[in-house]
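# Structural characterization, general
Each chain, letter by letter, is given below.
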Amino acid sequence: MSPTVEGPTHASAQAAVSAPVSAAYSYCEAVTGSQARNFAYGIRLLPTDKRHAMSALYAFSRRVDDIGDGTLPTEAKFARLEETRAVLGRIRAGEVDEDDTDPVAVALAHAARRFPIPLGGLDELIDGVLMDVRGETYETWDDLKTYCRCVAGAIGRLSLGVFGTVAPGTSEAARASEYADTLGLALQLTNILRDVREDAGNGRTYLPAEDLAKFGCSEGFRAGRLSPGADFAGLVHHEVRRARSLFAEGYRLLPMLDRRSGACVAAMAGIYRRLLDRIEREPEAVLRGRVSLPPHEKAYVAVRGLSGLDARTVSRQAVRRRM
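A short tour of the structure in this document, coming up. Every value quoted in this text rests on a predicted model; they were computed, and no experiment measured them.

### Re the overall build of the protein chain
Of the regular secondary structure elements, the protein chain holds 15 helices and zero strands. Restricting the contact set of the protein chain to residue pairs at least 6 apart, pairs at least 24 apart contribute 74%. For the protein chain, the accessible area works out to roughly 14600 Å², and carbon and sulfur atoms hold 51% of it.

### A closer look at the environment of arginine 281
With respect to the element layout, arginine 281 can be found in helix α13 (residues 259–281). By relative accessible area, which is 62% here, arginine 281 ends up exposed. When the C-alpha positions of arginine 281 and alanine 233 are compared, they lie 9.4 Å apart, and in sequence the two are 48 residues distant.

### Quick word on the pattern of salt bridges
Scanning the entire structure with this criterion turns up 28 salt bridges. Among the ionic pairs, aspartate 66 bridges to arginine 62, the shortest N-O distance being 3.0 Å. With aspartate 66 and arginine 62 both in helix α4 (residues 48–69), this residue pair falls four residues apart, about one helical turn. What makes aspartate 66 partly exposed here is its relative accessible area of 40%. Judged by its relative accessible area of 17%, arginine 62 falls in the buried class. One salt bridge in this structure joins arginine 157 and glutamate 124, with 2.9 Å as the shortest N-O distance. Residue arginine 157 is located in helix α8 (residues 141–163), and its partner glutamate 124 is located in helix α7 (residues 120–133); the two are separated by 33 residues in the primary sequence. The partly exposed category is assigned to glutamate 124, whose relative accessible area is 24%.

### Description of the nonpolar core
If you look at the biggest cluster of nonpolar residues, it comprises 99 residues, and the most contacted ones within it are Leu122, Phe221 and Phe232. For this core, the element with the highest residue contribution is α8, accounting for 11 residues. In contact with phenylalanine 232, not counting residues within four places along its chain, are Val196, Cys217, Phe221, Leu226, Pro283, Glu284, Val286 and Leu287.

Conventions used here
- Residues numbered from 1 in each chain as written.
- Predicted model: local features only at pLDDT ≥ 70, side-chain atom pairs only at ≥ 80, totals over all residues.
- Heavy atoms only, no water.
- Helix = DSSP H or I, 4+ residues; strand = E, 2+ residues; numbered from the N terminus.
- Contact = heavy atoms within 4.5 Å.
- Areas by Shrake-Rupley, 256 points an atom, 1.4 Å probe, with all protein chains shown as cover.
- Buried < 20%, exposed > 50% of the residue type's maximum accessible area, 1.4 Å probe, protein only.
- Salt bridge = Lys/Arg side-chain N within 4 Å of Asp/Glu carboxyl O.
- Core = buried A, V, L, I, M, F, W, Y, C linked by side-chain atoms within 4.5 Å.

Right, here's the structure in full:
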């Protein structure tokens, strides 16, 4: 089956891109390669036009995240985020020319003309980072889920605009955006577990307060060691189960994508699922430093994605559920 949203072939994509736009995409790809190795590993599996578009989305998102994570005073962060929102408004209004001095804006504007990217998702990302700047904490999973939908679920929906779907018009395909959003939540919750010590060092706590209290971890993790009586392993296993449930639901997106888009998603999600496995096996490792995968494991995950194994597994599971 053919996807409903397909970019041009490799040759036509190259021919259609002017020198300024090509340079803008190269800049975005450099940002992606240096700042997001897991993400860059996945999008290498895409055809050129889709890889360019995903790099542009990442570079813009990275800009937003860097403002939130940077050392500027709070009021300056608010101002910078609103300036970034104004750039997004210019892109949405078609006011960014190819000779604009902002390469990320040039690349994203071009990608948005080529693909039906729901740019409102980037507004949601800015809203989520504003929550970080305000120092918001989360009492329940439902509260945290709202934040995760802004900073990660929205990225899933933006990416779907680039990937497109197969079998349009079916009831299942109509839920593709929902599955993309849910997969984003799974990735973000895995990120939160992986970065629990780093976030604590920056004065941030993302895990729900009611979960921290349930497992005796309300004092947090800034010191990198646990308070007496804390059941950190129990807390981690609780959140891992939640993340696995989100992955299981979000993976239903895979059969809806063309082969290379599905491989990209399977590679990125597969890397995070393996991170989750490592965290589950040794919960306290995240208190010592960032858990990561070696290159050979990432390569294995990419091969699985390209083979379509994950997508076929999801399809078989869906058939069994309907029987």
